[in-house]
Amino acid sequence: MVRTALKGKTMDVDALLKELNPGGAYELRRDGYWAVWPDLDVRAMAELMRAREVRLSTMTGTPGADGSLRVIYHWDVGAHLLNLETTAIEGRLPTISDILPAADWIEREIRDYYATEFVGRETTEPLMLRETDAPGLFSRTSDVGHQTDPAVTARTTIAAKDGGSR
Amino acid sequence: MSKIPLGPFHPALEEPYKIEVTCTGETISDAEITVGFNFRGIEWLAERKNYTQGIALLERVCGICSNVHTMMFCRAVESIGEIEVPERAKYIRVVMAEAERLHSHLLWAGVACNLIGFETLFMTCFSLREQVMDLLESISGNRVNYAMNRPGGVNRDITDPASVLAAVRAIADATAKQLIPIMTTDPTVRARCAGVGILTREDAIAYGAVGPMARASGVTTDIRKSAPYEAYGQLSFDVPVLPDGDVYARIVVRALEILESCKIIEQAIEMMPVGPIAGGLFPTVPVGEACVRIEAPRGEVVYYMASNGTDMPARVRVRTPTFANMPTARVMAIGQGLSDLALIQASIDPCYSCTDR
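Just so we're clear, the structure is a prediction, and the values are computed from it rather than from any experiment. (Residues numbered from 1 in each chain as written. Chains lettered and ligands numbered in written order. Predicted model: local features only at pLDDT ≥ 70, side-chain atom pairs only at ≥ 80, totals over all residues.)

Across its full length, chain A holds five helices and eight strands. Mapped from its N terminus to its C terminus, chain A presents α and β elements in the order β-α-β-β-α-β-β-β-β-α-β-α-α. Here chain A holds 166 residues, and the buried ones make up 33% of them. Long-range contacts, defined as pairs at least 24 residues apart, comprise 49% of the intrachain contacts of chain A with a sequence gap of at least 6. (Helix = DSSP H or I, 4+ residues; strand = E, 2+ residues; numbered from the N terminus. Buried ≥ 20, exposed ≤ 12 C-beta atoms within 10 Å, placed from the backbone. Contact = placed C-beta atoms within 7 Å.)

What follows concerns the overall build of chain B. Each helix and strand counted, chain B has 15 helices and nine strands in total. Taking 357 residues into account, the globule formula puts the C-alpha radius of gyration at 21 Å, and chain B, at 20 Å, falls close to it. Counting only C-alpha atoms and orienting by the principal axes, one finds that chain B spans roughly 65 × 45 × 35 Å. Relative to its full complement of 357 residues, chain B shows a buried share of 56%. Across chain B, the fraction of contacts at a sequence separation of at least 24, relative to all contacts at a separation of at least 6, is 71%. (Rg over C-alpha atoms; globule rule 2.2 N^0.38 Å.)

Okay, the sheet that holds strand S4 (residues 55-63) of chain A next. Residue and element names in this part refer to chain A. Taken in spatial order, the five strands line up as S2-S3-S6-S5-S4 in an open sheet, and their pairing is mixed. If you trace the sheet from one side to the other, it starts and ends with strand S2 (27-29) and S4, each paired once. Within this sheet the neighbouring strands show an average axis-to-axis angle of 25 degrees, counted without direction. Contacts between helix H3 (residues 103-114) and the sheet are confined to S4 and strand S5 (69-76), with S4 contributing the most and set at about 10 degrees to the helix. (Pairing = 2+ DSSP bridges. Axes fitted to C-alpha atoms, helices over the stretch in contact; angles between N-to-C directions.)

Once that is clear, we can look at the pairing of strand S6 (residues 81-88) of chain A. Residues and elements named next belong to chain A. Two elements, strand S3 (residues 32-36) and S6, share four bridges in a ladder whose sense is parallel. Bridging from a neighbouring strand, Ala35 pairs with Leu84 of S6. The pairing of S5 with S6 spans eight bridges and is classified as antiparallel. What sits directly across from Arg70, in S6, is Thr87. Between S5 and S6, which pair antiparallel one after the other, the connecting turn spans four residues, and Gly78 there sits at a positive phi close to 95 degrees.

Before going further, it helps to examine the packing of helix H5 (residues 119-140) of chain B against helix H6 (residues 161-185) of chain B. Residue and element names in this part refer to chain B. Between H5 and H6, whose axes approach to 11 Å, the crossing angle comes to 165 degrees. Judged by the inter-axis angle, H5 sits roughly antiparallel to H6. Crossing geometry of H5 relative to H6 is assigned as left-handed. Counted together, Leu121, Thr124, Cys125, Leu128, Gln131, Val132, Leu135, Ser138 and Ile139 of H5 and Ser163, Val164, Ala167, Ala170, Ile171, Ala174, Thr175, Gln178, Leu179 and Ile182 of H6 form the full contact between these two elements. In terms of residue class, the contact of H5 with H6 is built from 13 nonpolar, six polar and no charged. (Parallel < 35°, antiparallel > 145°, perpendicular 65-115°, else oblique. Left-handed = near helix turned anticlockwise from the far one by under 90°. Nonpolar A, V, L, I, M, F, W, Y, C, P; charged D, E, K, R; others polar.)

Turning our attention to the interface of chain B and chain A. Listed by partner, the interface residues are 43 residues for chain B and 45 residues for chain A. Contributing elements (two or more residues each) for the side of chain B that touches chain A: helix H8 (201-206), helix H10 (223-226), strand S6 (240-241), strand S7 (288-296), strand S8 (299-307) and strand S9 (313-319) of chain B. A breakdown of the residues in the side of chain B that touches chain A according to their chemical character gives 21 nonpolar, nine polar and 13 charged.

Here the focus is the sheet that holds strand S2 (residues 18-24) of chain B. All names here are of chain B. Spatially, S1-S2-S3 is the arrangement adopted by the three strands of the open sheet, whose pairing is antiparallel. Looking along the sheet, the strands with just one partner apiece sit at the ends: strand S1 (2-6) and strand S3 (27-34). For this sheet, the mean angle separating the axes of adjacent strands, direction not counted, is 20 degrees. Across seven bridges, the pairing between S2 and S3 is antiparallel. The partner of Glu20 across the bridge, within S3, is Glu32.

All right, on to the nonpolar core then. Residues and elements named next belong to chain B. The biggest cluster of nonpolar side chains holds 152 residues, and the ones touching the most others in it are Met72, Ala76, Val95, Ile251 and Tyr303. Counting residues per element, this core draws most heavily on helix H4 (residues 87-115), which supplies 14 residues. Those residues in contact with Ala76 that lie beyond four places of it in its chain are Ala290, Val292, Tyr303 and Met305. (Core = buried A, V, L, I, M, F, W, Y, C linked by C-beta atoms within 7 Å.)

What follows is about the packing of helix H2 (residues 51-58) of chain B against helix H3 (residues 66-81) of chain B. All names here are of chain B. It is at 8 Å that the axes of H2 and H3 come closest, and there the two elements cross at 150 degrees. Considering the angle they form, H2 stands roughly antiparallel to H3. Relative to H3, H2 is oriented so that their crossing is right-handed. Counted together, Tyr51, Gly54, Ile55 and Leu58 of H2 and His69, Thr70, Phe73, Cys74 and Val77 of H3 form the full contact between these two elements. Along the lines of polarity and charge, the residues of the contact of H2 with H3 split into six nonpolar, three polar and no charged.

Bringing the pairing of S2(B) into the picture now. Across five bridges, the pairing between S1(B) and S2(B) is antiparallel. Note that in S2(B) the partner of Ile4(B) across the bridge is Val21(B).

Next up on the list: the environment of Phe138(A). Tracing the backbone through its elements, the reader meets Phe138(A) in helix H4 (residues 137-140). Spatially, the C-alpha atom of Phe138(A) lies 13 Å from that of Gly67(A), the residues being 71 residues apart in sequence. When residues no more than four places from it in sequence are discounted, the contact partners of Phe138(A) are Tyr113(A), Tyr114(A) and Trp44(B).

Quick look at the confidence of the model for chain B now. Per-residue confidence for chain B averages 92 on the pLDDT scale, and 99% of its residues sit at or above 70. The complex prediction reports pTM at 0.90, with the ipTM value standing at 0.90. (pLDDT = per-residue confidence, 0-100.)

Let us look at H5(B). All names here are of chain B. Under the 1.5 Å per step criterion, the end-to-end length of H5 is 31 Å for 22 residues, consistent within 8% with the ideal 32 Å. Of the positions making up H5, those classed as buried are Leu121, Thr124, Cys125, Leu128, Arg129, Val132, Leu135, Leu136, Ile139 and Ser140. Axial view of H5: buried residues confined to an arc of 135 degrees, hence all on one face. Opposite its buried face, H5 presents the exposed residues Glu119, Thr120 and Asp134, each directed more than 90 degrees away. On its buried side, H5 packs onto H4 and H6. At the C-terminal side of H5, Gly141 shows a positive phi close to 90 degrees. (Expected span 1.5 Å × (residues − 1). Arc of directions from axis to C-beta.)

Here's what the structure looks like:
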């Protein structure tokens, strides 16, 4: 039996967000819902999403301005992506991989790149790196490659010659 | 009980990947997957290349769905910069995306036929795939790495729509008459694949499976429908979904998707408006961030991009479909015979180059 996916299938994202964090601020942008909640209870979030059959699209680790690591959980809520951002406190975040196995490889990869520890995992084996490699490849090499790379050409060079105007 | 390692290099797979299965007799009781053998640090590199170079770099994430990755990179830039894409360019992007889906599905179908020992159908699939490659070459000038996308549009117009239509109709006709009947009704295919490697709907959602993998397990998600982008909102097409969750269901879903892609290309060519195909010079990307996604041949691709206003992105995150789908191999393999393993992992339509980036 072949069925057709529903067009524009969506869910009440506002109700979902209110259930997750009553009073928490969020906004709907061109590319989806965004919320920055530093004290987000990620395990409660994962439990709620699993109960609602919301799929974890992926997670993004990205360095914050103060040297901390921002971790964004991207959820598929139908017509939109729901992007919930929190911060890894002292490089640690609770794991959600025991609740949602979709997070297993992603947490391992974030550890590979930023040495973030996902607390509660039995093991966190490298995913992209090898067992002998130290975690935190991107963090350790954050200053590498920018100045010496030929990528710094074109617009930057022209802008410098023009006195900084772009 | 015995442990059997397969990979990272062996004849059944042309990309490096390792799965170590624990067997009781010939029945698989556990499986451990190892990837990363083709890790190139593309996300790291993308943060050290300017946006123009980034397009060429991201096109190398995957040899089959290269167009997807340049489109994603450009869509992320367009989202941050609030750049509008001309209508004609949106339709051209759709044509390229669906031709790439045809290429991917036919390549996979051929490999799957080879694995189940159906050499005649393998040759049929690859013959059709050649026609798709010719079509892609006629539009872009290239058989792979098409270099079609740029922020704000596309680089090349479709100058001979009649030949594209004729090519797609020939592919659709051959698919409907030769490929679909065999793949969906042949007793050999059914006997080898039905009931093998089941992924339940619940597991598909919990593991975050995407694309034909998920739709063969009853998950009704297709980004082209649920969150239409480019010109998909103006086009009429069906999304095949099956509840069975086995290898056979994945074959049927992908086979039917080939016909839907042909249908989409025909409509896109006929509805494509006259007009420009791109904006002006490469835009300056302002400070900001965006997370975009599209439905690639193997399923949803997600890109996160952050810009600090310089000519290089501050962060580029790439989540490919196989990265989401591959972990399901463990649950699909447990309880199955060892001889089914190659078929199960092939039914994912895996791309380890994408996964490792």
